[in-house]
Amino acid sequence: MLPFKLVYSDAYFLPIGEHVFPAEKYRRIRDRLLAEGIAEANDFLEPEPANDQDILLVHKPEYVHKLKTGTLSPREEMELEVPFSPELVKAFWLAAGGSILAARQALTDGVGISIGGGFHHAFPDHGEGFCMIHDVAVAIRRLQRDDKIRTAMTVDCDVHQGNGTAAIFAGTRTASALLPSAGASTLDSSSLSSSQRSSALPGKIRGAHAGEVFTISLHQHNNYPIWKPPSSIDVDLPDGIGDDDYLAWLDNALSSGLRQFEPDLMCYIAGADPYREDQLGGLALTIAGLKQRDELVFRVARARSIPVMVTFAGGYARHVEDTVTIHCNTIIAAKEVFEMGK
Ligand SMILES: [Zn+2]
């Protein structure tokens with residue numbers, strides 16, 4: 001039995017037809033975990049859909065109305081990049097409910113993992129990039145409303161920048177000076193010692209953050225979204241970064257963020273698309289490197305006793321089995337880190 005719960009429903013499946021987003025990955029992850037004895041049936045919790053009030057904590061009433069009445073404009077539907085249907089709306093409401101449940105579980109167990117979610121490209125007033133509803137933001141706002149948490153930190157390791165997350169929580173950030181950083185174009189980390197490397201984050205650290213949600217995004221700079229609204233920390237990685245460099249930047253971003261901010265909850269968006277075989281990504285992490293990434297996040301959270309909720313976001317490996325392996329490894333990494341010393 002796992003020392004935490006896995007939030008999952010067969011209805012996480014996104015009815016989007018033939019699509020680069022492998023909607024069947026959720027069920028395949030569940031099946032693999034059971035088949036390999038990594039998890040047992042009673043490790044899983046079935047989520048309820050979020051209610052409309054929860055969705056409205058993040059999204060504009062006009063947008064929610066359009067979704068519920070199927071009245072998106074053709075342009076809005078195009079931006080979503082998945083075919084609209086009332087069934088798809090249901091799946092996103094459920095994903096948001098799953099993230100709320102995973103966040104609650106994190107507060108009791110230290111970790112809570114939803115085998116879904118991570119729809120970080122959804123904005124208050126529109127969806128884009130396969131993301132209709134920002135499930136993670138809904139979970140944060142719901143737990144804040146319930147007085148379960150005051151502050152949260154998002155740690156977004158999907159290969160694409162968390163533009164929706166940055167936009168939703170932008171209002172909670174205080175302006176501050178940029179810290180010194182090296183631009184992606186000047187980065188040649190192979191020539192840097194590790195101490196130099198840690199002072200040469202190829203990102204923009206926006207410094208002191210007095211608001212209640214601190215956002216970190218580690219992503220490929222030269223990729224969707226073209227317009228990247230500022231996160232609290234954006235690490236704009238150059239194309240082709242491999243395991244060692246990626247882990248160094250992640251370590252740096254986490255320690256920098258946690259020097260500035262004390263979250264009551266960490267929301268880890270564990271995208272599988274920094275993988276070198278990804279069809280929509282241009283970084284070069286290995287499957288083993290991605291597991292080390294997960295371990296790093298979990299070790300940091302555990303060392304500081306910060307509850308961590310996990311969602312899975314993107315993953316477009318040429319072979320879906322690789323995406324499934326990367327996501328299963330996130331659960332194995334959590335098991336290894338959180339079982340230690342128990
Ligand atoms: Zn992605």
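Considerations on the overall build of the protein
Item 1. Helix and strand counts for the protein stand at 11 helices and nine strands.
Item 2. Contacts in the protein between residues at least 24 apart in sequence constitute 80% of all its contacts with a sequence separation of at least 6.
Item 3. Within the structure as shown, the protein displays about 13200 Å² of accessible surface, and the carbon and sulfur contribution to it stands at 52%.

Here we look at the pairing of strand E9 (residues 308-311)
Item 1. Neither face of E9 is exposed, since Val308 and Val310 on one face and Met309 and Thr311 on the opposite face are all buried.
Item 2. Bridge count for strand E3 (residues 111-114) against E9 is three bridges, and the pairing is parallel. Opposite Ile113, over in E9, you have Val310 as the bridge partner.
Item 3. For strand E8 (residues 265-269) and E9, the ladder comprises four bridges, and the chain directions are parallel. Across the sheet, residue Met266 finds its bridge partner in E9, namely Val308.

A few points about the coordination of the zinc ion
Item 1. All of the protein donors around the zinc ion are Asp158 (OD), Asp158 (OD), His160 (ND1) and Asp273 (OD); their distances to the metal are 1.9 to 2.8 Å.
Item 2. Every donor counted, the four donor atoms about the zinc ion form angles of 52 to 152° at the centre, which fits irregular coordination.
Item 3. Along the chain, the residues donating to the zinc ion are arranged with the sequence spacing D-x1-H-x112-D. Of the two residues, His160 is situated in the loop between strand E4 (152-156) and helix H7 (163-168) and Asp273 in the loop between E8 and helix H10 (287-303); the sequence distance between them amounts to 113 residues.
Item 4. With relative accessibility at 5%, the residue His160 sits in the buried group.

Details of the confidence of the model for the protein
Item 1. Residue-level pLDDT values for the protein average 90, and 87% of them are 70 or greater.
Item 2. This stretch, residues 174-201, has a pLDDT under 50; its non-local contacts, to residues over four places away or in other chains, come to 45 contacts.

Observations regarding the pattern of salt bridges
Item 1. Following the criterion strictly, the structure yields 17 salt bridges and no others.
Item 2. Residue Asp54 pairs with Arg142 through a salt bridge whose shortest N-O separation is 2.9 Å. Highlighted residues: Asp54 in helix H2 (residues 52-56) and Arg142 in helix H6 (residues 135-145), separated in sequence by 88 residues.
Item 3. For Asp54, a relative accessible area of 2% puts it in the buried group.
Item 4. Overall, Arg142 belongs to the buried group, its relative accessible area being 15%.

How each quantity is defined
- Residues numbered from 1 in each chain as written.
- Predicted model: local features only at pLDDT ≥ 70, side-chain atom pairs only at ≥ 80, totals over all residues.
- Heavy atoms only, no water.
- Helix = DSSP H or I, 4+ residues; strand = E, 2+ residues; numbered from the N terminus.
- Contact = heavy atoms within 4.5 Å.
- Areas by Shrake-Rupley, 256 points an atom, 1.4 Å probe, with all protein chains shown as cover.
- Buried < 20%, exposed > 50% of the residue type's maximum accessible area, 1.4 Å probe, protein only.
- Pairing = 2+ DSSP bridges.
- Donors = N, O, S within 2.8 Å, 3.2 Å for Na, K, Ca; no water.
- Tetrahedral: all angles 85-135°; square planar, octahedral: opposite > 155°, others 65-115°.
- pLDDT = per-residue confidence, 0-100.
- Salt bridge = Lys/Arg side-chain N within 4 Å of Asp/Glu carboxyl O.

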